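Each chain, written out:
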Amino acid sequence: MAEAFNDRTIEGDKPARYAVVAEEIAAVLEGEPNLVARMATVASMLAATFEAYFWTGFYVVDPDRPGELVVGPYQGTLGCLRIAFGRGVCGTAAATGETQIVADVAAFPGHIACDARAKSEIVVPVRDRSGRLIAVLDVDSERPASFDQTDAEGLERILKQAFG
Ligand code: SME
């Protein structure tokens with residue numbers, strides 16, 4: 001399955017690509033209970049599907065340090081290790097429980113610039129089956145205004161399927 005996935009590109013427009021990659025992620029995760037393995041797989045498969053995904057990964061709610069996110073599985077350049085709830089785009093998504101779409105990161109108050117190439121981003125809260133926040137998924141793009149409602153819906157669906 002991994003070889004077959006890595007060997008080709010998912011074609012079509014953005015909604016179609018989200019639908020196809022959602023099915024493929026579900027197939028790969030089938031029967032795998034480990035959370036790190038699941039997050040690593042989701043990050044890899046999403047990053048391989050969309051050209052705009054420059055940095056793709058999880059910031060996990062740290063059980064040992066309340067109010068902090070700690071970096072989890074990701075694809076991309078070096079990310080910050082920790083982000084406090086309420087700080088930056090990831091911390092805002094964690095604190096509010098709402099997906100954040102930021103067209104221009106320079107205009108977002110308190111944005112944390114891990115890599116100056118990131119120009120726009122989307123951050124989606126990740127919940128477990130009981131509805132508890134376990135992480136956020138952060139996707140950054142090198143271009144401004146890369147993400148819209150289609151991305152929010154596509155990612156929310158995939159994350160619910162993978163972790164809910
Ligand atoms: N841009 C994020 C920080 C994380 S990284 O860019 C990998 C933020 O403001 O939350």
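Here's a quick rundown of the structure.

What counts and how
- Numbers given for residues are sequential positions, taken from 1 along each chain in its written order.
- Only residues with pLDDT of 70 or above have their local features reported here, since the model is predicted, and side-chain atom pairs are shown and tallied only from 80 upward, although totals for entire chains, interfaces and linings are computed over all residues.
- As a convention, hydrogens and water are excluded, and side-chain values are obtained from all of the structure's heavy atoms.
- Secondary structure elements are defined from DSSP: runs of H or I of at least 4 residues count as helices, runs of E of at least 2 residues count as strands, and each element is numbered from the N terminus.
- Based on C-alpha atoms, the radius of gyration is set beside the globule rule, defined as 2.2 Å times the residue count to the power 0.38.
- Geometry is summarised by axes, namely lines fitted to C-alpha atoms with helices restricted to the contacting stretch, and by angles between N-to-C directions that run from 0 to 180 degrees.
- Between 65 and 115 degrees an angle is taken as roughly perpendicular, under 35 as roughly parallel, over 145 as roughly antiparallel, and anywhere else as oblique.
- Two residues form a contact once any of their heavy atoms are found within 4.5 Å.
- One requirement defines pairing of two strands: DSSP has to find at least two bridges between them.
- Only a single heavy atom is needed: when it lies within 4 Å of a molecule or strand, its residue is near that molecule or strand.
- Residues adjacent in sequence count toward polar contacts only when both atoms are side-chain atoms; beyond that, a polar contact is any pair of N or O atoms within 3.5 Å, and within protein one must be able to donate a hydrogen and the other to accept it.
- Per-residue and other accessible areas were derived by the Shrake-Rupley procedure at a 1.4 Å probe size, with only the shown protein chains allowed to occlude residues.
- Each residue is assigned to one of three groups, with Ala, Val, Leu, Ile, Met, Phe, Trp, Tyr, Cys and Pro labelled nonpolar, Asp, Glu, Lys and Arg labelled charged, and all others, Gly among them, labelled polar.
- Salt bridges are defined as contacts in which a side-chain nitrogen from Lys or Arg sits within 4 Å of a carboxyl oxygen from Asp or Glu.
- The cut-offs for exposure are 20% and 50% of the maximum accessible area for each residue type, with area from a 1.4 Å probe on protein chains only; residues under the lower value are buried, those over the upper are exposed, and the others partly exposed.

A few words on the overall build of the protein chain. Helices and strands together make up the secondary structure of the protein chain, namely 5 helices and 6 strands. The linear arrangement of helices and strands in the protein chain, starting from the amino end, is α-α-α-β-β-β-α-β-β-β-α. Radius of gyration (C-alpha) of the protein chain: 15 Å, near the 15 Å computed for a compact globule of 164 residues. Its C-alpha atoms give the protein chain principal-axis dimensions of roughly 40 × 35 × 25 Å.

Helix 5 (residues 149–163) packs onto helix 2 (residues 14–29) with a crossing angle of 10° between their chain directions and a minimal axis gap of 10 Å. When the interaxial angle is binned, helix 2 and helix 5 end up roughly parallel. For the pair formed by helix 2 and helix 5, the contact residues are Lys14, Pro15, Tyr18, Val21, Ala22, Ile25, Ala26 and Leu29 on the first element and Thr150, Asp151, Gly154, Leu155, Ile158, Gln161 and Ala162 on the second.

Now for the sheet that holds strand 3 (residues 82–84). With respect to topology, 6 strands assemble into an open sheet ordered 3-2-1-6-5-4, the strand pairing being antiparallel. The strands lining the two open edges of the sheet, one partner per strand, are strand 3 and strand 4 (100–102). Across the sheet, the mean angle from the axis of one strand to that of its neighbour is 25°, orientation sign disregarded. Relative to strand 3, strand 2 (residues 68–75) is paired through 3 bridges, and the arrangement is antiparallel. Paired with glutamate 68 across the strands is alanine 84, a residue of strand 3. The sheet contacts of helix 5 involve strand 1 (55–61), strand 4, strand 5 (120–127) and strand 6 (133–141), and relative to strand 5 the element is tilted by about 30°.

Right, let's get into the site of the ligand. What surrounds the ligand is the set Trp55, Tyr59, Ile83, Gly88, Val89, Cys90, His111, Ile112, Cys114, Glu121, Asp138 and Asp140. Take valine 89: an N or O atom from its main chain is 3.0 Å from an oxygen atom of the ligand. Residue cysteine 90 places a main-chain N or O atom 2.7 Å away from an oxygen atom belonging to the ligand. Computed on the free molecule, the ligand has an accessible area of 300 Å², of which 98% lies beneath the protein chains in the complex. Within the residue set of the shell around the ligand, elements represented by two or more residues are strand 1, helix 4 (88–96) and strand 6. Here the element with the most residues in the shell around the ligand is helix 4; it accounts for 3 residues. In terms of residue class, the shell around the ligand is built from 7 nonpolar, 2 polar and 3 charged.

With that settled, consider the pattern of salt bridges. Counting across every chain of the model gives 8 salt bridges. Residue arginine 17 pairs with glutamate 51 through a salt bridge whose shortest N-O separation is 3.4 Å. With arginine 17 in helix 2 and glutamate 51 in the loop between helix 3 (35–49) and strand 1, this residue pair connects regions lying 34 residues apart in the sequence. In this structure, the salt-bridge partner of aspartate 115 is arginine 117, at a minimum N-O distance of 2.9 Å. A single salt-bridge network, built from bridges that share partners, covers Asp62, Arg65, Glu68 and Arg82.

Let's shift gears to unusual backbone geometry. The phi dihedral of alanine 145 is positive, around 50°, even though this residue is not glycine. With respect to the secondary-structure elements, alanine 145 resides in the loop between strand 6 and helix 5.

Our focus in this paragraph is the pairing of strand 5. The buried fraction of strand 5 is high, at 7 of 8 residues. Across 3 bridges, strand 4 lies against strand 5 in antiparallel orientation. Pairing of isoleucine 101 across the sheet is with isoleucine 122, part of strand 5. The pairing of strand 5 with strand 6 spans 8 bridges and is antiparallel. Bridged to valine 123 within strand 6 is aspartate 138. If you look at the hairpin formed by strand 5 and strand 6, you'll find 5 residues sitting between the two strands, and glycine 131 has a positive phi there, around 95°.

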